[in-house]
Amino acid sequence: MMESTHQRDLLTTTVRFCRALRERGLLVTPAEAIDAVKTLNLVDLGDRQEVYWGLRSVLTSRVEDLPIFEELFETFWGFNGSSPQSLKGLLGGMPPPTTEVQEPPPTPKRPTKGMALSLERWLNPDEGQGEPIGLPGMSDQEALIDKDFSIFGAEELEEITKVATRIARRLAARPSRRRKPTRKGQWVDLRRTFRRSLKTGGDPIELTFQERKTRKTKLVTLCDVSGSMDLYSRFLLQFLYALQNSFARVETFTFSTSLSRITDHLKGHPYLSALGRLSGDVRDWSGGTRIGPSLTTFNKEWPSLVDKRTIVIILSDGWDTGEPEELAEALVTLKKRSGRLIWLNPLLGSPTYQPLTRGMQAALPYVDVFASAHNLASLKTLERHLYL
Amino acid sequence: MREEIRKIQELMEQEAYITDPAIATSVYLAMALKKPLLIEGHAGVGKTEIAKVLARALDTNLIRLQCYEGLDATTALYEWNYSKQLLRIKLEEASAHSAEEKEAVIFSEPFLLKRPLLQAITQDGQAPVLLIDEVDRSDEEFESFLLEVLSDFQVTIPEIGTIKATHHPYVVLTSNRSRELSDALRRRCLYLWIDYPSLAKELKIVQTKVPGINEQLAGEIARFMQTVRKMKLNKVPGVAETLDWATALVALHASYLGDEVVRETLGCFVKDKGDLRKFQAELDAGHLAGMITPLP
């Protein structure tokens, strides 16, 4: 009698537990919940550790899930110092009051406008290095990945470099679905083989082969460095720098009121000296924004850089002082010529943000992907959009 | 602890794989729930080894599919043996068989090259272990194809028909996280994250895998590696590197970690130029003793 009540309690708690996990973003659907219940029948319920390991392998699906799982497992089946082997804890249990107690993760603060940090100040290495650098444990990385770029310290730039390298690998010559004839390859090219067999009287003596073509994707990045982007452009620039130096087919531009090509500034120089060269050559750093005219200039002066195998990434918050019509027109041209047009807006990381600025409104219809770029996680997801 | 899980742990330890309850539980559940097991973790922590040991412990075959960019169905599933087909056509030219009969012959099983996935589901006898190694290296198209095979366990070949699995193989997938895998694939699998081993576990691994190592040296190596993994390195050494290093030290008849012998063998676990310089600087500064963490 007692047993079955316990069983039912356990079932309810497990279902609630699954729901709580799903609310925190884990990939837990009813199918996983069913597996979780099956798991409880398969493991030793008296062994709390075993229940933990079992449910963990069923209900998590990536390493980022593990801390959340552990936290919720504690909430649902915590003991606070009592015997970890207690059967009572799991069966009778103290189910938490409701699942609504789960607070959403703290949202990144929306950056305030107009805190102009000039390029020269970035060059000053003393700035922004308060506490000593900790050893990178897992938890450090966890914290880092959600951290808004506007509050990043200089030592965390290393992580950005890692993300850029990953993206570069992703873009590097990828095998295409199409095939081309070769002398020796993976597949027999039947059409050609039959064709050739005609000269030997229909006997296919010489086999010809096919192999996959490699697909070479190019990348053009256009980064807004106007005043309103100040908090972000520093890190985005580090990202672009890393990208420029780990991937050959990328062209980098900056714009605020006018457009500058900075590919050669970034390429092959140490980061600090690249910044130094930039501050000398890019005139209107932290100035106003005229996205439309800048893109028009790009279309006019660098048409050869963009073709159907090119992914164009625009990094901007969309605060445009120019005419929205001009921006729209420039984007139409760019979209027609490029393979994929991606707009990354750092402000999108804030849940309250709505792309209501006139510039953003004008741009949205022409953009293939509109995503955020305010933290490492968002840059990592960028990887998913980089295909043609 | 559940008897079955203990047994799995025992089986794996018999095969000289030092495991912990987390790994044993996941492996057990993968077998009991008949779901693929996705293993992630840093390089060199023994992800691939789990599948190999599992196959040996279950006394069944291991079928391995190594993933790479551009891997596609013809390399993973099946392909017709074209050369053999062409030869047969030549041989049959003078025969009285009708075109249909000839066709039926050349599109039959003897002319089919079974690739790992098809092999795994058509294997005679016991269910094999199918290891899909470094799945993050394959592209998305292949991933979705893989999902299809892993959910239905059947394969349709237009010329022959549908081949149904004679049994569900035990599927183990490994990933180094060089690319985000799709949520669909992740959902389909049980998940196991293998971290770098704890001091005690690593010590046990060294003692099991490197015969003839003395206790002091094994302890010093394990403690040293704990420090090394906390340093900011470009290539953090895994357990594989620890074992290489321990084997080298035993071959050099070292009985403890001395400055000279460490310098000579740095290459066993330092695989990056910048890291090497960092270590040499540490050694020059006489920090070796400090890097062997004291026992708790």
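Our subject is the structure listed above.
Here, residues in each chain are numbered from 1, in the same order as that chain's written sequence. Both sets of labels track the order of writing: A upward for chains, 1 upward for ligands. Totals for whole chains, interfaces and linings use every residue, but because this is a predicted model, local features are given only for residues with pLDDT of at least 70 and side-chain atom pairs only at 80 or more, for both listing and counting.

Side note on the overall build of chain A
Thinking step 1. Secondary structure counts use DSSP, requiring at least four H or I residues in a row for a helix and at least two E residues in a row for a strand, with both numbered from the N terminus. Per the secondary structure count, chain A includes 16 helices and nine strands.
Thinking step 2. For every residue, the other C-beta atoms within 10 Å of its own C-beta are counted; 20 or more classify it as buried, 12 or fewer as exposed, and values in between as partly exposed. C-beta atoms are placed from the backbone. A burial count over chain A gives 36% of its 388 residues as buried.
Thinking step 3. By sequence separation, contacts in chain A at least 24 residues apart represent 75% of the contacts at least 6 residues apart. Here, residue contact means that the backbone-derived C-beta atoms of the two residues sit within 7 Å.

Focus: the overall build of chain B
Thinking step 1. Secondary structure summary: chain B contains 15 helices and nine strands in total.
Thinking step 2. Among the 296 residues that make up chain B, the fraction classed as buried is 33%.
Thinking step 3. For chain B, restricting intrachain contacts to residue pairs at least 6 apart in sequence, the fraction spanning at least 24 positions comes to 77%.

Topic: the packing of helix H1 (residues 3-14) of chain B against helix H2 (residues 21-33) of chain B
Residue and element names in this part refer to chain B.
Thinking step 1. Look at H1 against H2: their axes get within 9 Å of each other, and the N-to-C directions meet at 110°. Compared by their axis directions, H1 and H2 come out roughly perpendicular. Relative to H2, the crossing made by H1 is right-handed. Contacts between H1 and H2 involve Glu4, Ile5, Ile8, Gln9 and Met12 from the first element and Ala24, Thr25, Val27 and Tyr28 from the second.
Thinking step 2. Amino acids are sorted into nonpolar (Ala, Val, Leu, Ile, Met, Phe, Trp, Tyr, Cys and Pro), charged (Asp, Glu, Lys and Arg) and polar (every other residue, Gly among them). Partitioning the contact of H1 with H2 into residue classes produces six nonpolar, two polar and one charged. Lines fitted to C-alpha atoms define the axes here, with helix axes fitted over just the stretch in contact, and angles between the N-to-C directions of these axes take values from 0 to 180 degrees. Just so you know how the angles are binned, under 35 degrees is roughly parallel, over 145 roughly antiparallel, 65 to 115 roughly perpendicular, and the rest oblique. Handedness of a helix crossing follows the sense of rotation of the near helix relative to the far helix, less than a right angle counterclockwise being left-handed and clockwise being right-handed.

Quick word on the environment of Gly46 of chain B
Residue and element names in this part refer to chain B.
Thinking step 1. Turning to its location among the elements, Gly46 is positioned in the loop between strand S1 (37-41) and helix H3 (47-58).
Thinking step 2. In this structure the C-alpha to C-alpha distance between Gly46 and Gly238, which are 192 residues apart in sequence, comes to 8.6 Å.
Thinking step 3. Beyond its immediate stretch of four places on either side in the chain, Gly46 contacts Ile194 and Val239.

Let's talk about the packing of helix H11 (residues 215-230) of chain B against helix H12 (residues 239-251) of chain B
All names here are of chain B.
Thinking step 1. Across the interface, H11 lies against H12 with an axial gap of 11 Å and an inter-helix angle of 145°. Helix-helix and strand crossings are classified by hand; for H11 and H12 the assignment is right-handed. Each of Leu217, Ala218, Ile221 and Met225 in H11 lies in contact with H12, whose residues at this interface are Thr242, Trp245, Ala246 and Leu249.
Thinking step 2. Here the residues of the contact of H11 with H12 sort into seven nonpolar, one polar and no charged.

Some thoughts on the sheet that holds strand S4 (residues 218-224) of chain A
All names here are of chain A.
Thinking step 1. Ordered in space as S6-S5-S4-S7-S8-S9, the six strands form an open sheet in which the pairing is mixed. Whereas interior strands pair on both sides, the edge strands pair on one side only; in this sheet they are strand S6 (259-261) and strand S9 (369-371). Neighbouring strand axes in the sheet, compared pairwise and without regard to direction, differ in orientation by 20° on average.
Thinking step 2. The pairing of S4 with strand S7 (residues 310-315) spans six bridges and is classified as parallel. Bridge pairing links Thr221 to Ile313 in S7.
Thinking step 3. Sheet strands in contact with helix H16 (residues 376-385) are strand S8 (340-344) and S9, and its direction is about 170° off that of S9. At least two DSSP bridges between two strands are required for those strands to pair.

Some details on the nonpolar core
Thinking step 1. Core analysis: the largest hydrophobic core is formed by 90 residues, its most contacted members being Leu37, Val172 and Val206 of chain B.
Thinking step 2. In contact with Leu37 of chain B, other than residues within four places in its own chain, are Ser26, Val27, Ala30, Val171, Val172, Cys189, Leu190 and Leu192 of chain B.
Thinking step 3. Residues enter a nonpolar core if they are buried, belong to Ala, Val, Leu, Ile, Met, Phe, Trp, Tyr or Cys, and are joined to the set through C-beta atoms within 7 Å. Ranked by size, the runner-up nonpolar core spans 58 residues in total, among them Leu236, Leu259, Ala274 and Leu315 of chain A.

What about the interface of chain B and chain A?
Thinking step 1. Each partner contributes residues to the interface: chain B has 29 residues there, and chain A has 33 residues.
Thinking step 2. Sorting the residues of the side of chain B that touches chain A by element identifies H2, helix H5 (82-92), helix H9 (183-188) and strand S9 (190-194) of chain B as the ones contributing at least two each.
Thinking step 3. It is H2 of chain B that contributes the most residues to the side of chain B that touches chain A, seven residues altogether.
Thinking step 4. Tallied by class, the residues present in the side of chain B that touches chain A amount to 13 nonpolar, five polar and 11 charged.

Some points on the pairing of strand S2 (residues 62-66) of chain B
Residues and elements named next belong to chain B.
Thinking step 1. On S2, burial follows the alternation: Ile63 and Leu65 on one face are buried, whereas Leu62, Arg64 and Gln66 on the facing-out side are not.
Thinking step 2. Bridge analysis of S2 against strand S5 (residues 129-133) gives five bridges, and the strand direction is parallel. When the bridges of S5 are listed, Ile63 appears paired with Leu130.

So, unusual backbone geometry
All names here are of chain B.
Thinking step 1. In this structure, Lys34 takes a positive phi of about 55° despite not being glycine.
Thinking step 2. Mapped onto the secondary structure, Lys34 falls in the loop between H2 and S1.
Thinking step 3. A tally of 13 C-beta atoms within 10 Å means that Lys34 is categorised as partly exposed.
Thinking step 4. Despite not being glycine, His253 has its phi angle at roughly 55°, a positive value.
Thinking step 5. Following the sequence through the fold, His253 ends up in the loop between H12 and helix H13 (259-265).
Thinking step 6. Given 7 C-beta atoms within a 10 Å radius, His253 is considered exposed.

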